[in-house]
Amino acid sequence: MTTLLEEVPPPLAPVPGVAEALGRRRRRPGGRLYAALRWGGALVFGAVVVALVATLVSGSSQAFGHFGLSLLWSDHYSPAKDQYPTGVFIVGTLITTAVALVLAVVVGVATAAFLSELAPRVVAAPLSVAVDLIAAVPSIVVGLWGLLVLTPAFSHHVEPFLKTIPVLEWFFHGAALGPSMLLAGVVLAVMIVPTVVALSRSAMTAVAVADREAARALGATRWQVVRTAVIPGARTGIEASLTLAMGRAMGETIAVAMVIGNSYTVPHSLLAPGATLGSAIINNFGEAAPGLDRSSVVALVLVLVLITALVNVGGQLLLRARTRSARR
Amino acid sequence: MVHHSEDGDRVRGSSRPGGRGLWLPLVAVGAAAVLAAACSSTPTAAKLKPKDTTTTSTTAPAPTTTTTAAASPSTTAAKSSAAPATTTTVKAAAHSTTAATSCSTSGGTLSATCDTQSTSATLTGAGANSIQPFFSRVFYYFNQADHGVNVNYSPAGSSVGVTDIEQDTVAFGDSEIPIKTPASGTGGNILQVPVDLGGVALSYNVPGLSGGLKLNGPVLAGIFLGKITKWDDAQIAALNPGVNLPGSTIYPVHRADSSGPGYDLDQYLIDTAGSTWTGSAAGTTASTKWPITNVGVGQQLNTGVATYIQQTQGSIGYVEYAYSVQAGFTNAALLNTAGDYVTPSQTSIAAAGAEASGLSATNFNIVNGAGAGTYPLANFSWTLLYQKQANAAQGVVLGKLVDWVTTTGQNQAKALGYSPLPANVVALAHSTLLQLENSAGKPLFSS
């Protein structure tokens, strides 16, 4: 072993002039500016994250001091005591996000595959532009549309229809009122599907043509090409799009508040009204009096940030574990 | 071989962008068509907007027709609720005009020393959502009468109005509930002026029940606590002999945000429903936050509640009376202290206002007042402004504006379903405005 080490050639002698040339390049003002920008950007970004968390922690400390850690899962609401049912909001956030993600995966990935693989270009090009346009629609517009158009449509047509489907009806018992967890999930899906479609489509278009050709050469049908070559090849991009979409769905405030029904109770059905962290924050923050009330609302914001971070990190760990087991 | 296949790929790959390039013009044409459609539809939408030739920044919709007035404030209300950014409006400084201007504003009762006055100003306010239809109309007419003054009012809610004036980010705030006295903020002592008299309607949408529904405190409490769930419940039937009540389910709707109407109804239920209400999570102190949030549906602002009532058969909810008038709702008659069932109307709400003796920012509650024809859910809306106006020119304009609102402007209140202020309340507003002073402590108004 030692002999092997000894056989390693000694480091090359520095070539004269190279170090000087590198050094000179380094000392150029442009390079220095770029380095400063790089470091400055990284520092500012880090500082913003630290400042954000610090503000939330200090802002909510009064509430945590008053209610203790049980604030994180409490289901008790008392406006007189400035106490909010955080647990109820967490459940509502997770349910609406799940509904939106299921729709986003099914509709979004299918649309992306259709646009990138199957659609004739006459259809694909304008449709892609339309999807990008919808992705840019502000959430208040989607919310208003949900309140004025989707709510009556859901209470009169969609929800009664869902109640007639066997097995699935279990999710949809109770009165069809319009404002509900389901409607909130659908409104969220309308907002995140374009993101999923746009990013997944780019990822699918970027899959090497050789992969498709290989699948086709083995006798794969168009659908099999998509299933066996395109979607696996684009998986990282699709997953990234879903992560982004999930973040937006969890944190959405105003559009959800307009259609969810704002009932502070654990929903027994997807048709029941509920509340999410986002909707509770927007309904209460503007009106929260300084002191314990505001601190309690800031605590909701902190919980929302923590949950979003947890779900994101958890999702990525899960994906990484799956990727590793798939490689094995 | 390998090289060859790569070449093939490249050819195929390059055909794609080329193909897309061909379609770009088509996309552009499509986008242009969409744009053209949007533009051609704009004039139709613009017809609903105020015809505002003299001003650039006022948001007050011109109430040219009743339908316009009904449509515009609801859109504004929904928008502002959605964008919290509008609540952080910055106090606009009055643009001082160099030319000497006339002090007289048609209507109004205040007279000021002319040397500091400027009639050209932009005033920014924020606060109660319930008063928005009145404010948007009255500010528009004030602008018509006194061309220099534009008012931007953000109807984000009473508590926002209180916070904004306390932090001195607006020229005036407005709240359905006065601030606890002594009221003060970063700009010193805050004056509270009653500016309008409104009521809270319990509106319902029950097919087969066209009107004449009578309700009292205990039954209303039962409905909002989820204990009374059918329209033909025995307790409702007992109050409504001879009325054909349907057997459908009751869907109560409440405000998801803090609200003046919610405070009034909470106060009425505390006064009249006894332990049914006070023994629940509601407690014994009235709150702007609706206390029972696990029953029925919560919607944002008067607009949201009104939309839900319109859309949902079997629903009942509380909205500012002016909103229920604009929406054409059927309203329940409520039991008052004299033992009468009274529906909300300008007359019955005015009767409640007339009963207000010794009204002040501390003695503001007129819920469940005395008198036979009195509607029990009535309240004054309060405009909040600093006693010391650092910018005296703006202070004079502001004082004159509020004075005009409480006097001449009350005619506009009548047109919308609000009731005009009784004489003793107008006098209270006038005497409160006389306390306005400049930064040196010199009164802005003489009489």
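Nothing here was measured: the structure is a model prediction, and the numbers come from that model.

(A) Local environment of the overall build of chain B. Counting secondary structure elements, chain B contains 14 helices and 15 strands. In chain B, buried positions account for 53% of the 447 residues. Pairs at least 24 residues apart make up 74% of the contacts formed inside chain B by residues separated by at least 6 positions.

(B) Summary view of the overall build of chain A. Looking only at helices and strands, one finds 13 helices and zero strands in chain A. In sequence order, chain A lays out its α and β elements as α-α-α-α-α-α-α-α-α-α-α-α-α. Over its C-alpha atoms chain A spans a radius of gyration of 26 Å, topping by over 25% the 20 Å that the globule rule assigns to 328 residues. In terms of overall dimensions, chain A has a C-alpha envelope of 80 × 60 × 45 Å along the principal axes. Burial statistics for chain A: of 328 residues in total, 39% are counted as buried. For chain A, restricting intrachain contacts to residue pairs at least 6 apart in sequence, the fraction spanning at least 24 positions comes to 76%.

(C) Expanded view of the pairing of strand β7 (residues 251-255) of chain B. All names here are of chain B. Of all the five residues making up β7, five are buried; the element is thus mostly covered by neighbouring parts of the structure. Note that β7 and strand β9 (residues 315-320) share three bridges and pair parallel. Bridge pairing links Tyr 251 to Ser 315 in β9. In this sheet, strand β8 (residues 297-299) lies alongside β7 in parallel orientation, the contact comprising three bridges. If you follow Val 253 over to β8, its bridge partner there is Val 297.

(D) Focus on the environment of His 430 of chain B. Take His 430 of chain B: it is sitting in helix α14 (residues 423-433). Overall, the presence of 19 C-beta atoms within 10 Å leaves His 430 of chain B in the partly exposed class.

(E) Summary view of helix α7 (residues 181-205) of chain A. Residues and elements named next belong to chain A. The end-to-end C-alpha distance of α7 is 35 Å, a good match for the 36 Å that 25 residues give at a rise of 1.5 Å each. Along α7, the sharpest change in direction is near 35° and occurs at Ile 192; proline Pro 194 comes one to four residues later. α7 sits mainly inside the fold: 22 of its 25 residues count as buried.

(F) Seen up close, unusual backbone geometry. The residue Asn 262 of chain A is not glycine, and still its phi comes out positive at about 45°. By the element assignment, Asn 262 of chain A lies in the loop between α11 (254-259) and α12 (277-285). Judged by local crowding, Asn 262 of chain A falls into the buried class, with 30 C-beta atoms found within 10 Å. At Asp 168 of chain B, a residue that is not glycine, the phi angle is positive and equals roughly 60°. Looking at where Asp 168 of chain B falls in the secondary structure, it is placed in the loop between α4 (158-166) and β3 (172-175). For Asp 168 of chain B, a count of 15 C-beta atoms within 10 Å translates into the label partly exposed.

(G) Quick look at the sheet that holds strand β11 (residues 333-335) of chain B. All names here are of chain B. Read across the open sheet, the three strands follow the order β6-β11-β12; overall the sheet is mixed. A strand with exactly one partner marks an edge of an open sheet, and here the two such strands are β6 (214-215) and β12 (341-342). Of the pairings in the sheet, the one linking β11 to β12 comprises two bridges and is antiparallel in character. Bridging from a neighbouring strand, Leu 334 pairs with Val 342 of β12.

(H) Representation of the confidence of the model for chain B in the model. Residue and element names in this part refer to chain B. The predicted model of chain B has a mean per-residue pLDDT of 76, with 73% of residues at 70 or higher. Helix α2 (residues 66-82) is the least confidently modelled element of chain B, averaging 37 in pLDDT, while helix α5 (residues 217-224) averages 95, the highest of any element. Within the model, the stretch residues 113-118 combines pLDDT values under 50 with 15 contacts to residues more than four positions away or in other chains. Reported confidences for the modelled complex are a pTM of 0.74 and an ipTM of 0.76.

(I) Structural detail: α14 of chain B. All names here are of chain B. Among all positions in α14, only Val 425, Leu 428, Ala 429, Thr 432 and Leu 433 are buried. One face of α14 carries all of its buried residues, which in axial projection span an arc of 130°. With respect to the buried face of α14, the exposed residues turned more than 90 degrees away are Ala 423 and Ser 431. Where the residues of α14 are buried, they touch β5 (188-205), α11 (346-354), β13 (378-386) and α12 (392-406).

(J) Representation of the nonpolar core within the structure. Of all hydrophobic cores here, the largest spans 113 residues; its most connected members are Leu 123, Leu 334 and Leu 401 of chain B. Core analysis: the next-biggest nonpolar cluster, separate from the first, contains 78 residues, Tyr 77, Leu 115, Met 191 and Val 207 of chain A among them.

(K) How the structure looks around the domain arrangement of chain A. All names here are of chain A. Under the domain assignment used here, chain A contains domain 1 (20-66) and domain 2 (72-327). Distance from the C-alpha centre of domain 1 to the C-alpha centre of domain 2: 31 Å. Here the side of domain 1 that touches domain 2 is composed, by residue class, of four nonpolar, four polar and no charged.

(L) How the structure looks around the environment of Phe 172 of chain B. Residue and element names in this part refer to chain B. Position of Phe 172 relative to the elements: it lies in strand β3. Sequence separation between Phe 172 and Val 162 is 10 residues, and the spatial gap between their C-alpha atoms is 9.2 Å. In this structure Phe 172 touches Leu 123, Gly 125, Ile 165, Thr 383, Leu 384, Leu 385 and Leu 398, once residues within four positions along its chain are discounted.

(M) Layout of the packing of helix α4 (residues 86-118) of chain A against helix α10 (residues 235-251) of chain A. All names here are of chain A. As a packed pair, α4 and α10 sit with axes 10 Å apart at the nearest point and diverge in direction by 145°. Crossing angle aside, the handedness with which α4 passes α10 is right-handed. Within the contact between the two elements, α4 uses Thr 93, Thr 97, Ala 100, Leu 101, Ala 104, Val 105 and Val 109 and α10 uses Ile 238, Leu 242, Ala 245, Met 246, Ala 249 and Met 250.

(N) Region of interest: the packing of helix α6 (residues 139-162) of chain A against α7 of chain A. Residue and element names in this part refer to chain A. It is at 10 Å that the axes of α6 and α7 come closest, and there the two elements cross at 135°. Taken together, α6 and α7 sit at an angle that is classed as oblique. The way α6 lies across α7 gives a crossing that is right-handed. From α6, Ser 139, Val 142, Gly 143, Gly 146, Leu 150, Thr 151 and Phe 154 reach across to α7, where they touch Leu 183, Val 186, Val 187, Val 190 and Met 191. Class assignment of the residues belonging to the contact of α6 with α7 gives a composition of eight nonpolar, four polar and no charged.

(O) Representation of the environment of Gly 68 of chain A within the structure. Along the chain, Gly 68 of chain A falls in the loop between α3 (29-67) and α4. As for Gly 68 of chain A and Gly 233 of chain A, which are separated by 165 residues in sequence, their C-alpha atoms are 48 Å apart.

The rules behind the values
- Residues numbered from 1 in each chain as written.
- Chains lettered and ligands numbered in written order.
- Predicted model: local features only at pLDDT ≥ 70, side-chain atom pairs only at ≥ 80, totals over all residues.
- Helix = DSSP H or I, 4+ residues; strand = E, 2+ residues; numbered from the N terminus.
- Buried ≥ 20, exposed ≤ 12 C-beta atoms within 10 Å, placed from the backbone.
- Contact = placed C-beta atoms within 7 Å.
- Rg over C-alpha atoms; globule rule 2.2 N^0.38 Å.
- Pairing = 2+ DSSP bridges.
- Expected span 1.5 Å × (residues − 1).
- Bend = angle between axes of the 7 residues up to and from the residue.
- pLDDT = per-residue confidence, 0-100.
- Arc of directions from axis to C-beta.
- Core = buried A, V, L, I, M, F, W, Y, C linked by C-beta atoms within 7 Å.
- Domains from an automatic or database assignment.
- Nonpolar A, V, L, I, M, F, W, Y, C, P; charged D, E, K, R; others polar.
- Axes fitted to C-alpha atoms, helices over the stretch in contact; angles between N-to-C directions.
- Left-handed = near helix turned anticlockwise from the far one by under 90°.
- Parallel < 35°, antiparallel > 145°, perpendicular 65-115°, else oblique.

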